[in-house]
Amino acid sequence: NQCTDKITKDASPLTTFTYTHRDEQERKNAKDALDEAPDLVPYVIALNRGVGSIELIDEVDGNTKKFVRNGDYEEVETADDYCLKTCVVDKYENGVRQPSETVFLLESSKDFTPDNEPRVTVILPLHSIDVGYEAFDYGKIPHLFLHLPLLGTSDWALNYIIHAPKFSCDKENRDNVRFSGN
């Protein structure tokens, strides 16, 4: 497709999303989404190896939040069928460094997509503490991701995040999820 070729060949190394609002309700919805986005960004960075950083700029309030992958993924433990890795995401608010977040990824180590991505990744609800790890509740974080969060899955009775590239959904509204293939 000529249009698709042009878009991918001339793509900028940076992607920018800008939203304009027709009325006060749209502005409020965008503000609510921008307030919730920082909780999701570390998981988006951890699940998308091609995304090294994300910056959220609130031009209404004049605030910025930046998230940057700190180095490569570190293998914590490896077994026959899985590998436990960590991804450290550094955080900055209005240019001031905040505590980093470590994301724990449990990846399939035998089954990969043609793009060499694990077919299933589970993000575990763990924080490092002085002696080991501590579990936490994801709260309102969506529990299914297809590279990005599938909104509306935060009330599922899970306390971990599942990402599978074999999930598929309607590209327009992402309100159905299917698992395609074996």
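Residues numbered from 1 in each chain as written. Predicted model: local features only at pLDDT ≥ 70, side-chain atom pairs only at ≥ 80, totals over all residues. Heavy atoms only, no water.

Student: Can you explain the overall build of the protein chain? Please cite residues and give values.
Tutor: Scanning the protein chain from N- to C-terminus turns up two helices and 13 strands. Buried positions account for 30% of the 182 residues belonging to the protein chain. Summing over all exposed atoms, the protein chain offers an accessible surface of approximately 12300 Å²; the carbon and sulfur share of this is 50%. (Helix = DSSP H or I, 4+ residues; strand = E, 2+ residues; numbered from the N terminus. Buried < 20%, exposed > 50% of the residue type's maximum accessible area, 1.4 Å probe, protein only. Areas by Shrake-Rupley, 256 points an atom, 1.4 Å probe, with all protein chains shown as cover.)

Student: Tell me about the packing of aromatic side chains, and please be specific about residues and values.
Tutor: Scanning all chains against the criterion turns up three aromatic pairs. The interplanar angle of 85° and the centroid separation of 5.2 Å between the aromatic rings of Phe104 and Tyr133 together place this pair among those described as edge-to-face. Of this pair, Phe104 sits in strand S5 (residues 96-108) while Tyr133 is found in strand S8 (residues 132-135), placing the two residues 29 residues apart along the sequence. Measuring from ring centre to ring centre gives 5.1 Å for Phe136 and Tyr138, while their planes differ by 75°; the resulting arrangement is edge-to-face. By the ring-pair criterion, three or more aromatic residues cluster together here, those being Tyr43, Phe136 and Tyr138. Between the NZ or CZ atom of Arg49 and the centre of the ring of Tyr73, over which it lies, the distance is 4.3 Å. (Phe/Tyr/Trp six-rings, centres within 6.5 Å; stacked < 30°, edge-to-face > 60°. Lys NZ or Arg CZ within 6 Å of the ring centre and 35° of its normal.)

Student: How would you summarise the pattern of salt bridges if you had to cite specific residues and measurements?
Tutor: Evaluated as defined, the whole model comprises six salt bridges. Close ionic contact of Lys85 with Glu107 constitutes a salt bridge, the shortest N to O distance being 3.3 Å. Of this pair, Lys85 sits in strand S4 (residues 82-93) while Glu107 sits in strand S5, and the two are 22 residues apart along the sequence. The class for Lys85 is buried, based on a relative accessible area of 16%. Arg97 serves as the salt-bridge partner of Asp90, at 2.9 Å between the closest nitrogen and oxygen. (Salt bridge = Lys/Arg side-chain N within 4 Å of Asp/Glu carboxyl O.)

Student: Residues and numbers for helix H2 (residues 24-47), please.
Tutor: Taking 1.5 Å per residue, 24 residues should reach 34 Å; H2 reaches 34 Å between its end C-alpha atoms and fits that length. Helix geometry: H2 is bent most strongly at Pro38, by close to 45°. All buried positions along H2 are accounted for by Ala37, Pro38, Leu40, Val41, Pro42, Tyr43, Val44, Ile45, Ala46 and Leu47. The N-cap of H2, judged by a side-chain oxygen 3.1 Å from the amide nitrogen of Gln25 a few residues on, is Asp23. (Expected span 1.5 Å × (residues − 1). Bend = angle between axes of the 7 residues up to and from the residue. Polar contact = N/O pair within 3.5 Å; in protein donor to acceptor, adjacent residues only side chain to side chain.)

Student: Provide a residue-level description of the environment of Cys87, including the pertinent values.
Tutor: Locating Cys87 in the fold gives a position in strand S4. Judged by its relative accessible area of 1%, Cys87 is buried. The spatial distance from the C-alpha of Cys87 to the C-alpha of Thr102 is 5.6 Å, given a sequence separation of 15 residues.

Student: Tell me what's going on with the nonpolar core, and back it up with residues and numbers.
Tutor: Of all hydrophobic cores here, the largest spans 21 residues; its most connected members are Tyr43, Leu105, Ile123, Tyr138 and Ile161. Broken down by secondary-structure element, the contributors of at least two residues to this core are H2, S4 and S5. Of all the elements, H2 adds the most residues to this core, at eight residues. The contacts of Leu105, once residues within four sequence positions are left out, are Ala46, Leu47, Tyr73, Cys83, Leu84, Lys85, Thr86, Cys87, Thr121, Val122 and Ile123. (Core = buried A, V, L, I, M, F, W, Y, C linked by side-chain atoms within 4.5 Å. Contact = heavy atoms within 4.5 Å.)

Student: Give me the side chain of Thr121: which residues, what numbers.
Tutor: With respect to the element layout, Thr121 can be found in strand S6 (residues 121-124). Not counting chain neighbours up to four residues away, the residues in contact with Thr121 comprise Leu47, Leu105, Leu106, Glu107, Ile161, Ile162 and His163.

Student: Give a detailed account of the pairing of strand S2 (residues 63-69), specifying residues and quantitative values.
Tutor: Here is the key point about a regular strand: its side chains alternate between the two faces of the sheet. In this structure, strand S1 (residues 53-58) lies alongside S2, joined through six bridges in antiparallel fashion. Within S2, the position partnered with Ser53 by the bridge is Val68. Of the strand pairs in this sheet, S2 and S4 are connected by five bridges, and their pairing is antiparallel. Following the sheet pairing, Lys66 is matched in S4 by Tyr92. (Pairing = 2+ DSSP bridges.)

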